[in-house]
Amino acid sequence: MVEQWHAKGQENFEWIDVAQPTAEELADLAKRYRLHPHTVADCLEPDHLPKYEVTGETVFIITRKYAPRDEFADTIQELSSKVALFFSDDFLITIHRLPQSFLQDINERYASKGLCQDVQSLVARIIEGVLKSYVKPGQALADEIDRYESLIFLKKTIPDLQENIYYIKRKASVTKNLIKLTDEVITLLEKKYGSTPEMEELWDMYTKVETLYDQVFSDAHALTNVYLAISAQRTNEVMRILTIFSVFFMPLTFIVGIYGMNFDWMPELRIWWAYPAVLASMLVIIIGIFVWFRWRRWL
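Residues numbered from 1 in each chain as written. Predicted model: local features only at pLDDT ≥ 70, side-chain atom pairs only at ≥ 80, totals over all residues. Heavy atoms only, no water.

Bringing the overall build of the protein chain into the picture now. Counting its regular elements, the protein chain contains nine helices and six strands. Over its C-alpha atoms the protein chain spans a radius of gyration of 35 Å, topping by over 25% the 19 Å that the globule rule assigns to 299 residues. For the C-alpha atoms alone, the extent of the protein chain along its principal axes is close to 115 × 35 × 30 Å. Out of the 299 residues belonging to the protein chain, those deemed buried represent 40%. Here the contacts in the protein chain between residues at least 6 apart in sequence split such that 64% fall between residues at least 24 apart. In the protein chain, which carries 32 positive and 41 negative side-chain charges, the distance between the mean positions of the two groups comes to 8 Å. (Helix = DSSP H or I, 4+ residues; strand = E, 2+ residues; numbered from the N terminus. Rg over C-alpha atoms; globule rule 2.2 N^0.38 Å. Buried < 20%, exposed > 50% of the residue type's maximum accessible area, 1.4 Å probe, protein only. Contact = heavy atoms within 4.5 Å. Lys, Arg positive; Asp, Glu negative; His and termini not counted. Charge placed at Lys NZ, Arg CZ, Asp CG, Glu CD.)

Here's what the structure looks like:
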């Protein structure tokens, strides 16, 4: 589907938005606006990372908007969808396979109200919209980390959160790398067209998103280490208790093992006070071990 939008008060350039393009539509656009064939082919590839490329008078940019396929998505392709831009001084073409409502929003908020004076300003608004799509998911990941911290530190029994924490860390890591690739796009765009108020706002949004995901990744990494440390500590506590019990019963088992041997002649078997004496010695051994453990502060 091809839509044509015009910026209010700006008749010197046009904005063409193409959703789910057919090969015929792309061929027609490439011929009309003299787009290079290999860049047109690139805009159809779903796996391309953010990049900035200049061919003649036309600038080609690939961005990736946050659009996860499901809650377990943890790769660039699963977490984001591609939005390609072709532009020069007199036109802007946006191409995408999935519906992108934020482009319509940018058209209504900026272009149709005459708030974008040139194509470069409009491109900056679009990239800002792409980066803005990462804000709420990043805040959601941060809130999820806070909730898991409460479960780990405040519950006596540690819930099984290993898989959940892994997906948070994985998402944060992938998104962080994806955002860093956008840094080069913004830098080259500013280098070509200079600093504008729209570019300043774009850099502010980039810094906000980068800082957010850096913090989320750092917190997820720290939470992973804390989770493993506390799990190991709880395991060690269980082993300590089991060891204490084994120390108490080891000498008693030794004594019982001796008197459980089937020999014909064992002198203690014929003495009337032998049984209570063995029981008393067992009690003394238990008390002695307990006192020793308390003295060493192991109990």
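Further remarks concern unusual backbone geometry. One non-glycine residue, Gln20, adopts positive backbone phi at about 50 degrees. Residue placement: Gln20 occurs in the loop between β2 (14-19) and α1 (23-33). Accessibility expressed as a relative area gives 55% for Gln20, which makes it exposed.

Okay, a nonpolar patch on the surface next. On the surface, a nonpolar cluster with roughly 600 Å² of combined accessible area is contributed by Phe254, Ile258, Tyr259, Met261, Phe263 and Leu269. Looking at the secondary structure, you find Tyr259 in helix α8 (residues 197-259). With a relative accessible area of 35%, Tyr259 lands in the partly exposed category. (Patch = residues over 30% accessible without salt bridge, like charges linked within 9 Å, V, L, I, M, F, W, Y side chains within 5 Å. Areas by Shrake-Rupley, 256 points an atom, 1.4 Å probe, with all protein chains shown as cover. Salt bridge = Lys/Arg side-chain N within 4 Å of Asp/Glu carboxyl O.)

Turning our eyes to something else, we now look at the pattern of salt bridges. Per the counting criterion, the structure on display carries seven salt bridges. Of the charged contacts in the structure, one is a salt bridge between Arg125 and Glu128, with a shortest N-O distance of 3.3 Å. Placement of both Arg125 and Glu128 in helix α5 (residues 119-132) is noted, with a separation of three residues, approximately one turn of the helix. Each member of the pair, Arg125 as well as Glu128, is classed as buried. One salt bridge in this structure joins Lys176 and Asp214, with 3.5 Å as the shortest N-O distance. Taken together, the residues Lys176 in helix α7 (residues 162-193) and Asp214 in helix α8 connect sequence positions 38 residues apart. Classification of Asp214 by relative accessible area gives partly exposed; the value is 27%. Salt bridges sharing partners connect three or more residues here, namely Arg125, Glu128 and Glu201.

As paired elements, strand β3 (residues 51-55) and strand β4 (residues 58-66) share five bridges and run antiparallel to each other. Counted as the bridge partner of Glu53 is Phe60 from β4. In textbook terms, the turn of a hairpin is the stretch between consecutive antiparallel strands, and for β3 and β4 this stretch comprises two residues, one of which, Gly56, has a positive phi near 70 degrees. (Pairing = 2+ DSSP bridges.)

Next up on the list: the side chain of Lys65. Among the secondary structure elements, Lys65 is positioned in strand β4. Lacking a salt bridge, the buried Lys65 has Asp105 as its closest oppositely charged neighbour, with an N-O distance of 11 Å.

Another point: α5. Every α-helix winds through 3.6 residues per turn, so residues three or four apart in the chain are directed the same way. With 14 residues, α5 ought to run about 20 Å at 1.5 Å a step, and its terminal C-alpha atoms sit 20 Å apart, in line with that. By the criterion of burial, α5 is predominantly enclosed, with 13 of the 14 residues buried. (Expected span 1.5 Å × (residues − 1).)

Attention now moves to the layout of surface pockets. Taken as a whole, the largest pocket encloses approximately 240 Å³ of empty space. Taken together, 17 residues form the lining of the largest pocket, with Pro46, Ser81, Lys82, Arg97 and Leu98 sitting closest to its centre. Elements supplying a minimum of two residues to the lining of the largest pocket: β5 (80-87) and β6 (91-96). Across the lining of the largest pocket, the residue classes tally to eight nonpolar, four polar and five charged. Looking at the second largest pocket, its volume works out to about 210 Å³. (1 Å grid on protein atoms, 1.4 Å probe; cavity = no way out; pocket = protein on both sides within 12 Å on 5 of 7 lines; lining within 4 Å. Points joined across faces, edges and corners; volume = space filled by probe spheres on them. Nonpolar A, V, L, I, M, F, W, Y, C, P; charged D, E, K, R; others polar.)

Residues Ile61, Leu92 and Val123 are the most contacted members of the largest nonpolar core, which totals 56 residues. Only β4, α3 (76-79), β5, α4 (101-111), α5, α6 (135-154), α7 and α8 provide two or more residues apiece to this core. A total of 13 residues in this core trace back to one element, the largest contributor, which is α8. When residues no more than four places from it in sequence are discounted, the contact partners of Ile61 are Lys51, Tyr52, Val83, Ala84, Leu85, Phe87, Val123, Ile127, Val185 and Leu189. Within the second largest apolar cluster, 16 residues are counted, among which are Leu26, Ala30, Phe60 and Phe91. (Core = buried A, V, L, I, M, F, W, Y, C linked by side-chain atoms within 4.5 Å.)

It is worth spelling out the packing of aromatic side chains at this point. Pairs of aromatic rings are described using the distance from one ring centre to the other and the angle between the two planes. This structure, assessed with the given rule, holds six aromatic pairs. Taken together, a centroid distance of 5.6 Å and an interplanar angle of 70 degrees make the contact between Tyr66 and Tyr134 edge-to-face. Placement of the pair is Tyr66 in strand β4 and Tyr134 in the loop between α5 and α6, with a sequence separation of 68 residues. Judged by centre distance (5.7 Å) and plane angle (90 degrees), the rings of Trp203 and Tyr206 are edge-to-face. In this pair, Trp203 and Tyr206 are both assigned in helix α8, three residues apart and thus about one turn of the helix distant. With respect to class, Trp203 is no different from Tyr206; both count as buried. An aromatic cluster is built from Tyr66, Tyr134 and Tyr213, whose rings are joined through pairwise contacts. (Phe/Tyr/Trp six-rings, centres within 6.5 Å; stacked < 30°, edge-to-face > 60°.)

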